[in-house]
Amino acid sequence: MANYRAVRIGDICTLEKGKTGISKAKPGKYPLVTTAAERKSSSEYQFDTEAVCIPLVSSTGHGKKSLNYVHYQEGKFALGTILVAIIPNDKKIINTRYLHYYLSKNKDRVLVPLMRGAANVSLSVKSISNVKIPVPPLKKQQEIIKIIDKTSSNYNKLMKEVNKQKKFTTLLRQVILHDAIGGKLTKNWRKNNIDLISGENHASKLLEKIQSKNKVSPIKEDEVPFQIPDQWVW
């Protein structure tokens, strides 16, 4: 995007701080944008538009500069007092979702370095308004958004499949473990190597040797969880 003209956010957008106290907000039908990933709710709204919402305080605090989230919100919504809404003045110049994409992707490079303070690290509205961003033609912005949407959709589908396969893997591991401790996995081996598990090599003989050195409490009959092969002992 280096070939596109760079424009100050403050020259093409209106920046307005939130007015809703997050802890004191009365729950209602309107989304309440906070610093967290999930929205809360509010009985009143402050905006009725598309906006990019940026936290003005560090996500980690304790003197560290960080921003976990840059939000996109549309429609009627409330905004916490420790956030600012960036609203494009002319959507023929910049698409709100493109603005969100750019600031979200580059937050650690263009926003986090602007944070100031020792204990309470924060961003100022003025510093955000001075940030310059590349502004391609509107058609190009829309193309970028389509690519991002498609990529995000494919990523979400992939992650769902990964999570599903993880569940299957967990179930498979449980089945294998159950078959292993039940002797099913070694059934053929025992059949072909009977001399290695009979006579002095029988599990009962091995247990006697162990008992001669270390006393092991015998398992009670009603404590036996499942049947085991004849060559094994509890």
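Below is a summary of the structure that appears in this document. (Residues numbered from 1 in each chain as written. Predicted model: local features only at pLDDT ≥ 70, side-chain atom pairs only at ≥ 80, totals over all residues. Heavy atoms only, no water.)

## Side note on the pairing of strand 9 (residues 83-88)
Taken across its 6 residues, strand 9 has 6 buried, putting it largely inside the fold. Here strand 9 shows two buried faces, one formed by Leu83, Ala85 and Ile87 and the other by Val84, Ile86 and Pro88. Pairing analysis gives 5 bridges linking strand 2 (residues 13-17) to strand 9, with the strands arranged antiparallel. Across the sheet, residue Leu15 finds its bridge partner in strand 9, namely Ile86. Inspection of the sheet shows strand 6 (residues 51-55) paired to strand 9 by 4 bridges, in the antiparallel sense. Following the sheet pairing, Val52 is matched in strand 9 by Ile86. (Buried < 20%, exposed > 50% of the residue type's maximum accessible area, 1.4 Å probe, protein only. Helix = DSSP H or I, 4+ residues; strand = E, 2+ residues; numbered from the N terminus. Pairing = 2+ DSSP bridges.)

## Side note on the sheet that holds strand 8 (residues 76-79)
Pairing between sheet strands relies on hydrogen bonds along the backbone, with the strands arranged either parallel or antiparallel. The mixed open sheet is built from 4 strands, whose spatial order is 4-3-8-5. Among the strands making up the open sheet, the edge pair consists of strand 4 (40-42) and strand 5 (47-48).

## Concerning helix 2 (residues 96-105)
Listed in full, the buried residues belonging to helix 2 are Thr96, Tyr98, Leu99, His100, Tyr102 and Leu103. You can read the cap of helix 2 off the contacts: a side-chain oxygen lies 2.8 Å from the backbone nitrogen of Arg97, and it is on Asn95. (Polar contact = N/O pair within 3.5 Å; in protein donor to acceptor, adjacent residues only side chain to side chain.)

## Re the packing of aromatic side chains
All chains considered together, the criterion is met by 3 aromatic pairs. When the ring of Phe226 is compared with that of Trp234, the centres are 5.3 Å apart and the planes differ by 65°; the resulting orientation is edge-to-face. What makes Phe226 partly exposed here is its relative accessible area of 24%. (Phe/Tyr/Trp six-rings, centres within 6.5 Å; stacked < 30°, edge-to-face > 60°.)

## Some thoughts on the sheet that holds strand 6
Pairing in this open sheet of 4 strands is antiparallel, and the strands run 2-9-6-7 from one edge to the other. A single partner strand is all that each edge strand has here, and the edge strands are strand 2 and strand 7 (71-73). Adjacent strand axes in the sheet meet at a mean angle of 25° when their direction is disregarded. Relative to the sheet, helix 2 contacts strand 2, strand 6, strand 7 and strand 9, its axis offset from that of strand 6 by approximately 25°. (Axes fitted to C-alpha atoms, helices over the stretch in contact; angles between N-to-C directions. Contact = heavy atoms within 4.5 Å.)

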